[in-house]
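Summary of structural features
Spelled out, the chains give:
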Amino acid sequence: MQNQYAKLLEMLLADATTEVIWVQKLLCELRIPHPRAGRLWCDNIGATYLSANPVFHARTKHIEIDFHFVRKRVAQGLLDVKFIKTQEIRLPMDSQNR
């Protein structure tokens, strides 16, 4: 179960990273100023460390290709993955009523 959750989290971070890249390219094309690094918030401390710490990254036995993509963006300074407690996550108003 833990392994499946880790793989799901890797996939979700990779998907979110591609969305951040898309938005950044759109903002560039529209000539709208934006930060160089996109920011993702993650409620899993392990994934946050894994994306940013190359030593922790080297100790893992198996990392999916998707997560290497995320790690590369972080290393290039194009993505910033930050930790947020699950209780601190705020949902948009329309999704709270569903």
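Use the structure listed above.
Residues numbered from 1 in each chain as written. Predicted model: local features only at pLDDT ≥ 70, side-chain atom pairs only at ≥ 80, totals over all residues. Heavy atoms only, no water.

1. Brief notes about the pattern of salt bridges
Considering all chains together, one arrives at 2 salt bridges under this definition. Across the salt bridge formed by D80 and R39, the nearest N and O atoms sit 3.0 Å from each other. Taken together, the positions of D80 in strand 2 (residues 79-83) and R39 in strand 1 (residues 38-42) put the pair 41 residues apart, joining distant regions of the chain. According to the relative accessible area criterion, D80 is partly exposed, its value standing at 22%. Judged by its relative accessible area of 48%, R39 is partly exposed. (Salt bridge = Lys/Arg side-chain N within 4 Å of Asp/Glu carboxyl O. Helix = DSSP H or I, 4+ residues; strand = E, 2+ residues; numbered from the N terminus. Buried < 20%, exposed > 50% of the residue type's maximum accessible area, 1.4 Å probe, protein only.)

2. Overview of the nonpolar core
By size, the foremost hydrophobic cluster in this structure holds 13 residues, and its most contacted members are L13, L40, C42, A47, V70, L79 and V81. Contributing elements (two or more residues each) for this core: helix 1 (2-29), strand 1, helix 2 (45-52), helix 4 (65-75) and strand 2. Here this core takes 4 residues from helix 1, the largest share from any one element. Residues contacting L13, with those up to four places away along its chain left out, are L40, C42, A47, F67 and V70. (Core = buried A, V, L, I, M, F, W, Y, C linked by side-chain atoms within 4.5 Å. Contact = heavy atoms within 4.5 Å.)

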